[in-house]
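This is what each chain is made of:
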Amino acid sequence: MKFITDPPIPVKIQKMKERVRWRHTSIIQRGIDQTSMILDDGNDHNPEFSFMVIGDSGSRTHYEHNPQRQIAELMHKHGDDCRFVLHTGDVIYIVGSQEYYPQNFIEPYREFLLGGENPKRIRYDCMVFKTPILPVLGNHDYYDVPLMSRWLAGTTLPLRRWLRYKDDVEIGWHGSYQGNAYARAFLDYLKAQSGEQLEFHLDNHYTAKTDTGRCLRYEPGVFTRLPNRYYTFRYGGIDFFALDSNTFNEPSPLPTNPEGEAKRRELQSKRQKIELEEIEILAACANLKANSAENDEKLDALKAQLYQIDEIKIDIEKQLESHSSPDIDFEQLDWLRDRLIESWHTEEVRGRIIYFHHPPYVTEKSKWYQAQTLAVRHRLRACFDQVANTLGSLTQGRAIADIIFNGHAHCLEHLRTTDTGHADSYINCIISGGSGRRPRYQREEGTELMETFTDNTGNYNRKVADSLLFVGRNGYDDQQRLPYSFVRVDVQGASQPKFIIRPFVAERFQDEWYNRQLEPFTI
């Protein structure tokens, strides 16, 4: 039975537009830019500030220890002076369902929420942040569950929770409904308003002004909603761009030639192989006895393998099903291109940070070979090339973006691109995707990332990035270490800022927790 489905890209785009009443008459009349916001906390003009980055935080139900809560406590301890938190996606697992927000988001991050001293009283669609948590959508935030699977999971959910069932599939009555739960939790859900109510809302909350028109005013402790699934804001002279990579990650179609047919057979064979592996893991789960600390750890590891297999299967299906031109969200990519060009022409802007879910560069074991990784890299690269061609010498040798933050890979990683032959050269990429979900291993092939290019002489390989730091699962059996992580970023300097990256780790080893701060590094 298929437990997880991923909506088509056109459906994701259209549903999200409906929820924010994209370009509604009342919005156009007021000259509102629905992709911009002002983070109005009274300190947004200070050039020196700090923020934190987390991702893939939506941990499963933990009855004795919760990695997500460990990270939240570290964040509260070492980030009390931080102005906001960027979240790189996958807020809720295993599907972004409303019924998992209380235990997988509100409870762990209660110190960041108004009224957090009584977290059970906070509705997921009425959250107000004291310290802003500014997310982007991850693939799990869009995932849905077929009706029959929802019915089976929903009817057994109370019993599974009461018995602390060892094979809990973390699915209940609901899926995400094409990202609807995320939209109600974080976006300014204008779909719920109409007529005079909508007019009043727009006049009260879209009072900030930028060069592109009126926009939403985000006020910590008062009104904390995002304008859209992708958006931008400026803080301390740094332009932040939040993207929805779920709508430009579809793999290119396999070629209709012998090479393409060979690749198709290879993918079909790989799918059969991992389906057999999946059956073996399910059998191993069934043979383990419940209510044993040792077995609970083994079950957790086996279920982590199952979820990883699910991701690989979805990636394979996307490749096999892509018979025609892929659906690409050019509207969003063109928006990013134009806003980056505008940012470089704005004198008061000192730097640029982009964050989204799917990493274009990564060495986590299962992600480097995913077709979605390549798709995101190529589409972002094409966008950057257009920006560079327009700007010419205006960048003065600086990278198009100072930092790219991603999630999706369950690790903490710092990579730097080399001379790729394109405008994504010499960019620092930081993956902060280890903030709650079980960490994963690094690939065995090493830290140098090679890519195959084609010119008029044929195919050739070129190094495109180096992995400079990787914090993920390591060791096996009783020597296995599970490091969960987040990063704090201190922005310093004047005209050309310095970004001091401070990684923090909460590691579980032999049923104990150990907290540590890694050596800071400067970008």
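The rules behind these values
Residues numbered from 1 in each chain as written. Predicted model: local features only at pLDDT ≥ 70, side-chain atom pairs only at ≥ 80, totals over all residues. Heavy atoms only, no water. Helix = DSSP H or I, 4+ residues; strand = E, 2+ residues; numbered from the N terminus. Rg over C-alpha atoms; globule rule 2.2 N^0.38 Å. Contact = heavy atoms within 4.5 Å. Areas by Shrake-Rupley, 256 points an atom, 1.4 Å probe, with all protein chains shown as cover. Salt bridge = Lys/Arg side-chain N within 4 Å of Asp/Glu carboxyl O. Buried < 20%, exposed > 50% of the residue type's maximum accessible area, 1.4 Å probe, protein only. Core = buried A, V, L, I, M, F, W, Y, C linked by side-chain atoms within 4.5 Å. Arc of directions from axis to C-beta. Expected span 1.5 Å × (residues − 1). Pairing = 2+ DSSP bridges. Axes fitted to C-alpha atoms, helices over the stretch in contact; angles between N-to-C directions. Left-handed = near helix turned anticlockwise from the far one by under 90°. Nonpolar A, V, L, I, M, F, W, Y, C, P; charged D, E, K, R; others polar. Right-handed = clockwise from strand over helix to strand, strands pointing away.

Under an unreviewed UniProt entry, the name given to the protein chain is Metallophosphoesterase, and the organism recorded is Iningainema tapete BLCC-T55.

Caption draft 1: Spatial organisation of the overall build of the protein chain. The helix and strand tally for the protein chain stands at 11 helices and 18 strands. Rg of the C-alpha trace for the protein chain: 22 Å, near the compact-globule value of 24 Å for 523 residues, within the 12% margin. Each of the three principal axes of the protein chain carries a C-alpha extent, and together these read 65 × 65 × 45 Å. Considering only intrachain contacts with a sequence separation of at least 6, the fraction spanning at least 24 residues in the protein chain is 76%. When the accessible surface of the protein chain is totalled, it reaches about 22,200 Å², and 49% of it is carbon and sulfur.

Caption draft 2: Summary view of the pattern of salt bridges. Enumeration over the complete set of coordinates arrives at 35 salt bridges. Salt-bridge contacts for K313 lead to E278; the nearest nitrogen and oxygen are separated by 3.1 Å. Residue K313 is located in helix α9 (residues 293-321), and its partner E278 is located in helix α8 (residues 258-287); the two are separated by 35 residues in the primary sequence. In this pair, the class of K313 matches that of E278, namely buried. One salt-bridge network, held together by shared partners, links R30, E199, D203 and R214.

Caption draft 3: Quick look at the nonpolar core. F51, F105, L134, F233 and F405 are the most contacted members of the largest nonpolar core, which has 79 residues in total. The element best represented in this core is strand β15 (residues 481-492), accounting for 6 residues. Sequence-distant contacts of F233, defined by excluding residues within four places in its chain, comprise M37, L39, F84, L86, L134, I238, D239, F240 and Y355. With 36 residues, the next largest nonpolar core counts Y361, L391, A409 and C411 among its residues.

Caption draft 4: Expanded view of helix α7 (residues 195-205). When α7 is considered as a whole, its buried residues turn out to be L198, H201 and L202. When α7 is viewed along its axis, its buried side chains cluster within an angular range of 95° and face the same direction. Of the residues in α7, the exposed ones pointing more than 90 degrees away from the buried face are E196 and F200. Looking at the buried side of α7, the elements it contacts are α2 (25-29), β1 (32-39) and β6 (213-218).

Caption draft 5: Molecular detail of helix α10 (residues 330-344). Between its terminal C-alpha atoms α10 stretches 21 Å, which fits the 21 Å expected from 15 residues at 1.5 Å a residue. Looking at the buried residues of α10, the elements they touch are β1, β7 (231-235), β8 (238-242), β9 (351-355) and α11 (371-391).

Caption draft 6: Expanded view of the pairing of strand β2 (residues 49-54). Counted residue by residue, β2 has 6 buried out of 6 residues, so it is predominantly covered. By the alternation rule, side chains of β2 split into F49, F51 and V53 and S50, M52 and I54, which are all buried. In terms of strand pairing, β2 meets β15 through 5 bridges, oriented antiparallel. Bridge pairing in β15 links F51 to V489. With 3 bridges joining them, β2 and strand β3 (residues 85-87) adopt parallel strand pairing. Opposite V53, over in β3, you have L86 as the bridge partner.

Caption draft 7: Quick look at the packing of α10 against α11. Closest axis-to-axis distance for the α10/α11 pair is 9 Å, and the angle between their directions is 35°. When you trace α10 past α11, the crossing you get is right-handed. Of α11, the residues touching α10 (which contributes L333, L336, R337, L340, I341 and W344) are R379, L380, C383, F384, Q386, V387, T390 and L391. Each residue belonging to the contact of α10 with α11 can be placed in one class, and the counts come to 10 nonpolar, 2 polar and 2 charged.

Caption draft 8: Layout of the environment of R508. Within the secondary structure layout, R508 lies in strand β16 (residues 498-509). For the pair R508 and P67, spaced 441 residues apart in sequence, the C-alpha to C-alpha distance is 8.4 Å.

Caption draft 9: Summary view of the pairing of β9. When you tally the buried positions in β9, you get 5 out of 5 residues, the bulk of the element. The two faces of β9 match: G351, I353 and Y355 on one face and R352 and I354 on the other face are all buried. Two elements, β9 and strand β10 (residues 403-406), share 3 bridges in a ladder whose sense is parallel. Within the sheet, the bridge partner assigned to I353 lies in β10 and is I403. This β-α-β element, β9 to α11 to β10, shows right-handed connectivity.

Caption draft 10: How the structure looks around unusual backbone geometry. Here Y93 and I94 are connected by a cis peptide whose omega angle stands at -5°. Examined against the element boundaries, I94 turns out to sit in the loop between β3 and α4 (101-106). Look at Y426: it is not a glycine, yet its phi comes out positive at around 60°. Structurally, Y426 can be placed in the loop between β11 (412-417) and β12 (428-432). We classify Y426 as partly exposed; its relative accessible area is 44%.

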